[in-house]
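Each chain, written out:
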Amino acid sequence: MFFDPLYLVLVVPFIIISMIAQYKVKSTYAKYSKVRNTRGLTGAQAAQAILSYYGITDVAIQMIGGTLTDNYNPKTNVISLSQDVYNSTSVAAVGVACHEAGHAAQYAENYAPIKLRNAIIPICNFGSSLSIPIILIGAFLAARVAQGFSILITIGILLYATVFIFQLITLPVEFNASRRAIKVISETNLLYDEEVSGAKKVLGAAAMTYVAAMLVSLANLLRIIIRFSGRRN
Ligand SMILES: [Zn+2]
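Rules used throughout
- Residues numbered from 1 in each chain as written.
- Predicted model: local features only at pLDDT ≥ 70, side-chain atom pairs only at ≥ 80, totals over all residues.
- Helix = DSSP H or I, 4+ residues; strand = E, 2+ residues; numbered from the N terminus.
- Buried ≥ 20, exposed ≤ 12 C-beta atoms within 10 Å, placed from the backbone.
- Contact = placed C-beta atoms within 7 Å.
- Pairing = 2+ DSSP bridges.
- Axes fitted to C-alpha atoms, helices over the stretch in contact; angles between N-to-C directions.
- Parallel < 35°, antiparallel > 145°, perpendicular 65-115°, else oblique.
- Nonpolar A, V, L, I, M, F, W, Y, C, P; charged D, E, K, R; others polar.
- Core = buried A, V, L, I, M, F, W, Y, C linked by C-beta atoms within 7 Å.

## Quick look at the overall build of the protein
- From N to C terminus, the protein includes 7 helices and 3 strands.
- Helices and strands in the protein line up, N terminus first, as α-α-β-β-β-α-α-α-α-α.
- The C-alpha extent of the protein, read off along each of the three principal axes, is 70 × 35 × 30 Å.
- A total of 233 residues make up the protein; the buried ones form 36% of that total.
- Relative to all contacts within the protein whose residues are 6 or more apart in sequence, the contacts with residues 24 or more apart total 75%.

This is the structure we're talking about:
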């Protein structure tokens, strides 16, 4: 759009942190993808074990394409595991599969943050696409037409903030899904001690990417506030 030195100072450092976190999750995942678990459980079997632990019987587990595309869809009640995870007996596969099953458990137990996160998705989508145009139109009209139009800047900033709020709520959701996964993995001996610590490392690295994404979004929000809030006076 236009060059913004604030972007360079405030946002770029967090984008670099985010890239490091992405690299770290890929390398940790690659490392523990090569470590077989002693019981020879596949990702799909491990996810099923988590569902059984929580007494969940209405969630299906299916295979999808891609790498690290694993997810749980609450609308269809389906856990989708990438090919590498579904059939693999690696420590990484068990960790990732159990994490996704952890999300299914969150729904089954009405864990509030995941419900809240999904409820605000439409607002976030609206906010992420329209906030900047609304801010720019507000700044233009406030300068050229009437000061009163600066209310649009405030509305735009609030819409922009919804993206940050989404990323913030994502943190307890992701940490909690991993905590559930590791708890059941240990309690039911899906993995043995050293294997558990490998799965923990994979899920911990994945969690850091969410922390980094939240920081990028916070930095962007601050940049927008600093850049545009002065224009209201
Ligand atoms: Zn997750």
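Picking up where we left off.
## A word on the sheet that holds strand β1 (residues 60–64)
- Strands sit in the order β1-β3-β2 across an open sheet of 3 strands; the sheet is mixed. Either end of the sheet is taken by a strand with one partner, and the two such strands are β1 and β2 (71–73). Sheet twist, expressed as the mean angle between neighbouring strand axes with direction ignored, is 25°.
- On the sheet, helix α2 (residues 43–53) packs against β1 and β3 (78–82) and is oriented at approximately 155° with respect to β3.
- Helix-sheet contacts for helix α4 (residues 91–108) involve β2 and β3, and the interaxial angle to β3 is about 165°.

## Brief notes about the packing of helix α1 (residues 5–33) against α4
- Remark: α1 packs on α4, axes separated minimally by 6 Å, with the N-to-C direction vectors making an angle of 120°. Of the possible angle classes, the one that applies to α1 and α4 is oblique. Mapping the contact onto sequence places Y29, Y32 and S33 in α1 and V91, A92 and A93 in α4.
- Among the residues forming the contact of α1 with α4, the class breakdown is 5 nonpolar, 1 polar and no charged.

## So, the environment of I50
- With respect to the secondary-structure elements, I50 resides in helix α2.
- Put simply, I50 and N125 are 75 residues apart on the chain and 32 Å apart in space, counted from C-alpha to C-alpha.
- Those residues within four positions of I50 in sequence are excluded, and the remaining contacts are C98, A101, G102, A105, A181 and V184.

## Observations concerning the nonpolar core
- Judged by nonpolar contacts, the single largest core of 48 residues is most densely connected at A47, V94, A97, C98 and A101.
- Broken down by secondary-structure element, the contributors of at least two residues to this core are α1, α2, β3, α3 (83–86), α4, α6 (151–187) and α7 (193–229).
- At 12 residues, α6 tops the list of elements feeding residues into this core.
- Residues contacting A101, with those up to four places away along its chain left out, are A47, I50, L51, I79 and A181.

## Some remarks on the pairing of β3
- Of all 5 residues making up β3, 4 are buried, and the element is well covered by its neighbours.
- Pairing between β1 and β3: 5 bridges, direction parallel. If you follow Q62 over to β3, its bridge partner there is S80.
- Bridge analysis of β2 against β3 gives 3 bridges, and the strand direction is antiparallel. Its bridge partner lying in β3, N71 is registered against S80.

Read these as layout, nothing more, since geometry by itself doesn't imply function.
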